[in-house]
Amino acid sequence: MAIKLQEYNELPQSSKNSIQKLISNRKRILSLVSIFAFLFLLLTLRPHPSYFLKAVDGNGSLCPKIEPMSPSYVNNSIEKILYDPEFKEKSIKKFSGALKIPTVVQDINPPPSEDLEFWSAFFDFHQYLEKTFPLIYATLKVEKVNEVGLLYTWEGTNPSLKPMMLTAHQDVVPVNPDTWNDWSYGPFSGTYDPITNTLWGRGSLDCKNLLIAELEAVEELISNGYIPERTVLLAFGFDEESSGVLGASHIGPFVLERYGKDGIYSIVDEGFGVAKINDNLYVATPITAEKGYVDVEIQVKGHGGHSSIPPKHTNVGVAANFVSLLEYHPFKPQYTPSNPVWSFLYCLAEHDENLTPAAKKTILASKESKKEQKKLLSYLSDIFEFKELIRTSQAVDIFNGGIKSNALPEGATVVVNHRIETGSNVKDTIDHDLDIATTVARKFGYGLVFQGETLIPETPLGFIEVTTTNKSLEPAPRSPKEGSPVWEVFSRTIQDVFGTWVFRDGDIDFYVSESQASFNTDTRYYWDLTKNIYRFFGSVITADQFSLFHSVNEHIEYSAHLSAVGFIYEYILNVNEHASGES
């Protein structure tokens, strides 16, 4: 529903927060469905014989099928986790109970030191976890970080090895009371539907599924009598949905102080899962990079007066000109080799038989040919959802100015949100906006100030001030892949869990690739801990399910949850067995 600017300004702050949350959620969902939109485009490209390029295979493949890595542990429970009815029944009970506790956060939340009562549902959740996972609480060291964050330590027998770290977040987004009756089952009912084999409730996809899967995997290992050589950490923030400023931002330094810079072997957090490309082809798409972030604020500071004798351009008009110029000069798409999107596209080009020869040629040749890179960028730029994964995005989210219809506004404010492309940085992004602000200032005869520094002296009309918030974030370092023994253990574990077990009864081709996120996870606070950060749900997640993130009727296929448990279970075993010689 559209609202006028004046109406927005008159709303209470709580309503403004809800609107901004809705905008944020929509952006996240769009980035999740982008790969499916891209498939539609490729399937509609017309083939031409001159565009054909045969996909390479064997050692020359850009997306080879990797060998699965299966742990040799004699009490391996992977088949039990995936297919045993009794394990599934107990798992449903554990997961369902977690969904019944409304660990909701808002955009702005009080620090626990100032209002502990606000976090009471989280303390109920902690008690539930202690009751539900007794072996974990009897075996692992459990610590609170900033009162609400949880850090579990399963000490290994070899303290010289770097710990592995599994993360998730306890919090969920709110449920709009107006949509409560639109849910098939109550949003905090934790209802399991045996007919569709689905579990319903807020957090079933984001991300109590991962949190419970990690705890179930560790609980099962303890029940098997397993003792790790390498220490295993479980770290659960509590406000990821409001940027992690109270949770992960405290957990990161806490772990850093204990283990030192690069003191962690690897981190697995929430991300993408396994994508169904067609009935016979599935591709795992763990996120190995995240876009950066910066908000740029433009303030036009001039003079007011009576609107019956207006100047040629009001301050609102000048600010509007900035917005118009900005939107007519978007960032250009970039072929950045470090962007993981290309790896995913290579996988499709080599293995999706439904792609046209034109699409195959363009994708595969783009690795070396600038001509084909340009053509591929042109294709991708035509897709509304996908284009922001190959360029820095810009979105004018806030525009304020004026308080009365017959009074000239003394100022106007514009806030532009950017998600920064992998090959760019915060400075270049700000410079882009500053260049446009400079053009506007010169055109309309205003001064210009940037971060307190005068670039153009103030004029009788006023000046334009450009500032940034302290929330800016550089693009995440790309996690190592080629030649990385850490990636090898991680990816080969995925290959084993899905290629060997999940798809064992079907004629399925399965490959492991990678992807990029336009949103940011709690891992932004963990960069100093390790370069090996992989954001992955060990689950098949369909396009329909992507649309349910943060939305009405959020639910998960239960087989998808069990595979997530199985992946974490095998990953812990494989890291301890096959990476034990690596510090």
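Residues numbered from 1 in each chain as written. Predicted model: local features only at pLDDT ≥ 70, side-chain atom pairs only at ≥ 80, totals over all residues. Heavy atoms only, no water.

Helix and strand counts for the protein stand at 16 helices and 21 strands. Counting across all 583 residues of the protein, residues that qualify as buried make up 56%. Counting only contacts in the protein whose residues sit at least 6 apart along the sequence, the fraction spanning at least 24 positions is 80%. Only carbon and sulfur atoms are counted for the fraction: they give 52% of the accessible area of the protein, which is about 24,800 Å². (Helix = DSSP H or I, 4+ residues; strand = E, 2+ residues; numbered from the N terminus. Buried < 20%, exposed > 50% of the residue type's maximum accessible area, 1.4 Å probe, protein only. Contact = heavy atoms within 4.5 Å. Areas by Shrake-Rupley, 256 points an atom, 1.4 Å probe, with all protein chains shown as cover.)

Before going further, it helps to examine the packing of helix α4 (residues 85–99) against helix α7 (residues 208–223). Relative orientation of the contacting elements α4 and α7 amounts to 135°, with a least axis distance of 10 Å. In terms of axis orientation, α4 runs oblique to α7. α4 and α7 meet at a crossing whose hand is right-handed. Every residue of α7 that contacts α4 at F87, S91, K94, F95, A98 and L99 is listed here: K208, N209, I212, E216 and E220. Classifying every residue of the contact of α4 with α7 by side-chain character gives 5 nonpolar, 2 polar and 4 charged. (Axes fitted to C-alpha atoms, helices over the stretch in contact; angles between N-to-C directions. Parallel < 35°, antiparallel > 145°, perpendicular 65-115°, else oblique. Left-handed = near helix turned anticlockwise from the far one by under 90°. Nonpolar A, V, L, I, M, F, W, Y, C, P; charged D, E, K, R; others polar.)

Attention now goes to the UniProt feature "binding site: Zn(2+) 1" (unreviewed entry) in the protein. According to UniProt, the "binding site: Zn(2+) 1" (unreviewed entry) feature falls on D206, E241 and H550. Across 345 residues in sequence, these annotated residues keep their C-alpha atoms within 10.0 Å of one another, forming a single compact spot. Relative to the helices and strands, D206 is located in the loop between β5 (198–200) and α7. Looking at E241, the relative accessible area reads 9%, which means it is buried. (UniProt positions renumbered as here; feature names shortened; annotations may be inferred.)

Along the chain, L448 falls in strand β15 (residues 447–450). We classify L448 as buried; its relative accessible area is 1%. Considered as a pair, L448 and V300 are 148 residues apart in the sequence and their alpha carbons are 9.3 Å apart. The residues touching L448, leaving out its near neighbours within four places in the chain, are L434, A437, T438, A441, E453, T454, L455, I456, F463, I464 and V466.

Right, let's talk about the state of the cysteines for a bit. A complete count under the given rule lists 1 disulfide for this structure. The side chain of C63 participates in a disulfide bridge whose partner is C347; the two sulfur atoms lie 1.8 Å from each other. Remark: C347 occurs in helix α10 (residues 341–351) and C63 occurs in the loop between α2 (13–44) and α3 (78–83); sequence separation between them is 284 residues. For C347, a relative accessible area of 1% puts it in the buried group. (Disulfide = S-S within 2.5 Å.)

This next bit is on helix α14 (residues 485–502). Spanning 18 residues, α14 covers 24 Å between terminal C-alpha atoms, matching the ideal 26 Å at 1.5 Å per step. For α14, the set of buried residues is V486, W487, V489, F490, S491, T493, I494, Q495, D496, V497, F498 and W501. N-capping of α14 is provided by S484, with a side-chain oxygen placed 3.3 Å from the backbone N of V486. (Expected span 1.5 Å × (residues − 1). Polar contact = N/O pair within 3.5 Å; in protein donor to acceptor, adjacent residues only side chain to side chain.)

Mapped onto the elements, E577 comes out in helix α16 (residues 558–578). You can call E577 partly exposed: its relative accessible area is 33%. For the pair E577 and E229, spaced 348 residues apart in sequence, the C-alpha to C-alpha distance is 8.4 Å.

Our next topic: the nonpolar core. L129 and Y571 are the most contacted members of the largest nonpolar core, which totals 73 residues. In terms of residues, this core owes the most to one element, α16, which gives 12 residues. Beyond its immediate stretch of four places on either side in the chain, L129 contacts Y137, L150, Y152, L211, I212 and L215. Counting 28 residues, the second largest nonpolar core, distinct from the first, contains F322, A412, L434 and I456. (Core = buried A, V, L, I, M, F, W, Y, C linked by side-chain atoms within 4.5 Å.)

We now examine helix α9 (residues 315–327). With 13 residues, α9 should cover 18 Å at 1.5 Å per step; its first-to-last C-alpha distance of 19 Å lies within 8% of that length. Within the span of α9, buried status applies to N315, V318, A319, F322, V323 and L326. Along the axis of α9, the buried positions cluster into a sector of 145°, meaning they face one direction only. Those residues of α9 that are buried are in contact with β10 (292–301), β12 (393–401), β14 (411–420), α13 (426–444) and β17 (463–468). (Arc of directions from axis to C-beta.)

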